[in-house]
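Each chain is listed here by its residues.
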Protein chains: 2
Amino acid sequence: MNLSNTAQYAIRVLSYMAVNESVIYTTSEIVSKLNLSDKYLKRLMTNLSKAGLISSIQGRYGGYKFQKSPDTIFLIDIIGSVENFEKYEGCVLGFSMCSDENPCALHHKWEHVQSEISDLFHSVTLSQIQTEPNMKF
Amino acid sequence: MNLSNTAQYAIRVLSYMAVNESVIYTTSEIVSKLNLSDKYLKRLMTNLSKAGLISSIQGRYGGYKFQKSPDTIFLIDIIGSVENFEKYEGCVLGFSMCSDENPCALHHKWEHVQSEISDLFHSVTLSQIQTEPNMKF
DNA sequence: ATCTTATACTACAACCATGTAGTATTTATC
DNA sequence: GATAAATACTACATGGTTGTAGTATAAGAT
């Protein structure tokens, strides 16, 4: 599906935080658990805060916690907060106008798959993501 | 779905050529019909030739024609000839290992959609793409 | 007030996809 | 053989994503 690395990180981080949704997480804990770049994660967390998904607590014993309840955060909210989600919903061949009346070569074949992709991202919330023992973050 | 521009171009060009599969097409004709960059298309055509999908005819009255019959060219062949298709089939969160036993956060939700995407690209050939009067290339 | 430990900001580097420019090569026609 | 019309090749430019480095700022603990 080719989500950007940043979007993948965002989903992984928030999934991890959603396991205990009221805990305050520091970047150093997230970095050690998810094994990703420290500096890059910090920037990402700032962006997720600005997007209103989480809130930051500065200073000693600071960190990040959810600003909205995980059951109100949809995958599209996460992805949309770090990149333009439209690139995943527009015409698969890149046309700005593509419809049943004036379709691209793949329009009819692709229509059904596209709606499944969109439905999933629009309907799945953070709290609906299964947390099972063997799950990786 | 976020195919690369190059992959989108490739599908559009070959869809256009498939309408009259035995005709020799010059880059200038394709450029004028599909309205894309002349130089970039030329490089793309060279790559599609090297990939074995089309063959080039140099010199005067030259151009490009199909090397394989359009009904033997699957979408995955086209995309795979210009970029690494695995990025569309791997784990949606980017893990190199992701399975039912050791899944990522989205694994179970995504599984079904992923198989629909893969099925489509693996099963649809150029000749199966509908050519209707209002279709755009 | 000062120290410590967090996040916030800004600048820069590396890489890849995309696109442009110019030259070289090939081959049918004359 | 010379010309014309096509593809092939090489180098460079641009922009976005990803990642790194260093400094600034905030706020609790003492």
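Everything below is about the structure printed above this text.
Residues numbered from 1 in each chain as written. Chains lettered and ligands numbered in written order. Predicted model: local features only at pLDDT ≥ 70, side-chain atom pairs only at ≥ 80, totals over all residues. Heavy atoms only, no water.

Novice: Kindly report on the overall build of chain A, identifying the contributing residues and their values.
Specialist: For chain A, the helix and strand inventory stands at five helices and two strands. Mapped in sequence order, the helices and strands of chain A form the string α-α-α-β-β-α-α. A principal-axis box enclosing the C-alpha atoms of chain A has dimensions of 60 × 30 × 25 Å. Taking all 137 residues of chain A together, 47% fall into the buried category. Sequence-distant contacts in chain A: of pairs separated by 6 or more residues, those separated by 24 or more amount to 59%. With the model as given, the accessible surface of chain A reaches about 6800 Å², and the carbon-plus-sulfur share is 47%. (Helix = DSSP H or I, 4+ residues; strand = E, 2+ residues; numbered from the N terminus. Buried < 20%, exposed > 50% of the residue type's maximum accessible area, 1.4 Å probe, protein only. Contact = heavy atoms within 4.5 Å. Areas by Shrake-Rupley, 256 points an atom, 1.4 Å probe, with all protein chains shown as cover.)

Novice: Talk me through the pairing of strand E1 (residues 54–57) of chain A; I want residue IDs and the actual numbers.
Specialist: As a general feature of sheets, a regular strand has side chains that alternate between the two faces. Residues and elements named next belong to chain A. Pairing of E1 with strand E2 (residues 63–66), which is carried by four bridges, proceeds in the antiparallel orientation. Considered in E2, the bridge of Ile54 is made with Phe66. Hairpin connection between E1 and E2: a loop of five residues separates the two successive antiparallel strands, and Gly59 in this loop has a positive phi of roughly 80°. (Pairing = 2+ DSSP bridges.)

Novice: I'd love a proper account of the relation of the copies chain B and chain A, names of residues and values included.
Specialist: Overlaying chain B on chain A yields an RMSD of 0.0 Å, the required transformation being a rotation through 180° with an accompanying axial translation of 0.0 Å. What we have between these two chains is a two-fold relation. Interface overlap between copies: 100% of the residues of chain B at the interface are likewise at the interface in chain A, consistent with a symmetric, same-surface contact. (Least-squares fit on C-alpha atoms with pLDDT ≥ 70 in both.)

Novice: Let's hear about the packing of aromatic side chains: which residues, and what values?
Specialist: On inspection of all chains with the given rule, the structure shows 12 aromatic pairs over all chains. Centroid distance Phe85(A) to Tyr88(A): 5.7 Å. Interplanar angle 55°. Geometry classified as tilted. Overall, Phe85(A) belongs to the buried group, its relative accessible area being 7%. Owing to a relative accessible area of 0%, Tyr88(A) belongs among the buried residues under this scheme. Pairing Tyr16(B) with Phe137(B) gives two aromatic rings, centres 5.3 Å apart and planes at 75°, and the pair type is edge-to-face. On the criterion of sequence distance, the pair formed by Tyr16(B) in helix H1 (residues 5–18) and Phe137(B) in the segment after helix H6 (107–123) is long-range, its members being 121 residues apart. Take Tyr16(B): its relative accessible area is 12%, and that puts it in the buried class. Relative accessible area serves as the criterion here: at 21%, Phe137(B) is assigned to the partly exposed category. Among the aromatic side chains, those forming a connected cluster through ring pairs are Phe85(A), Tyr88(A), Phe121(A) and Trp110(B). (Phe/Tyr/Trp six-rings, centres within 6.5 Å; stacked < 30°, edge-to-face > 60°.)

Novice: Tell me about the environment of Ile73(B), and please be specific about residues and values.
Specialist: Residue and element names in this part refer to chain B. Inspection of the secondary structure assignment puts Ile73 in the loop between strand E2 (63–66) and helix H4 (75–82). The spacing of Ile73 and Ala51 is 22 residues in sequence and 12 Å in space, taken between C-alpha atoms. If we ignore the near neighbours within four places in the chain, the residues touching Ile73 are Leu53, Phe66, Lys68, Ile78, Val124, Thr125 and Leu126.

Novice: Please provide a residue-by-residue account of the nonpolar core, values included.
Specialist: Met17(A), Phe121(A), Met17(B) and Phe121(B) are the most contacted members of the largest nonpolar core, which totals 92 residues. Setting aside chain neighbours within four positions, we find Phe121(B) in contact with Trp110(A), Met1(B), Phe74(B), Leu75(B), Ile76(B), Ile79(B) and Phe85(B). (Core = buried A, V, L, I, M, F, W, Y, C linked by side-chain atoms within 4.5 Å.)

Novice: Give a detailed account of the protein's contact with DNA strand D, specifying residues and quantitative values.
Specialist: Around DNA strand D lies a shell of 25 residues, among which Thr6(A), Ser37(A), Arg43(A), Gln58(A) and Gln58(B) are the nearest. Across the atoms of DNA strand D situated within 4 Å of the protein, the share located in sugar and phosphate is 69%. Contact between DNA strand D and Arg60(A): a sugar or linking oxygen at 3.1 Å from a side-chain N or O atom of the residue. With respect to DNA strand D, the side chain of Tyr64(B) contributes an N or O atom lying 2.8 Å from a phosphate oxygen. Secondary-structure elements contributing two or more residues to the surface near DNA strand D are helix H1 (5–18) and helix H3 (38–50) of chain A together with helix H3 (38–50), strand E1 (54–57) and E2 of chain B. Among the elements that make up the surface near DNA strand D, the one with the highest residue count is H3(B) (four residues). Here the residues of the surface near DNA strand D are counted per class, giving five nonpolar, 13 polar and seven charged. (Near = heavy atom within 4 Å. Polar contact = N/O pair within 3.5 Å; in protein donor to acceptor, adjacent residues only side chain to side chain. Nonpolar A, V, L, I, M, F, W, Y, C, P; charged D, E, K, R; others polar.)

Taken by themselves, the reported measurements are silent on function.
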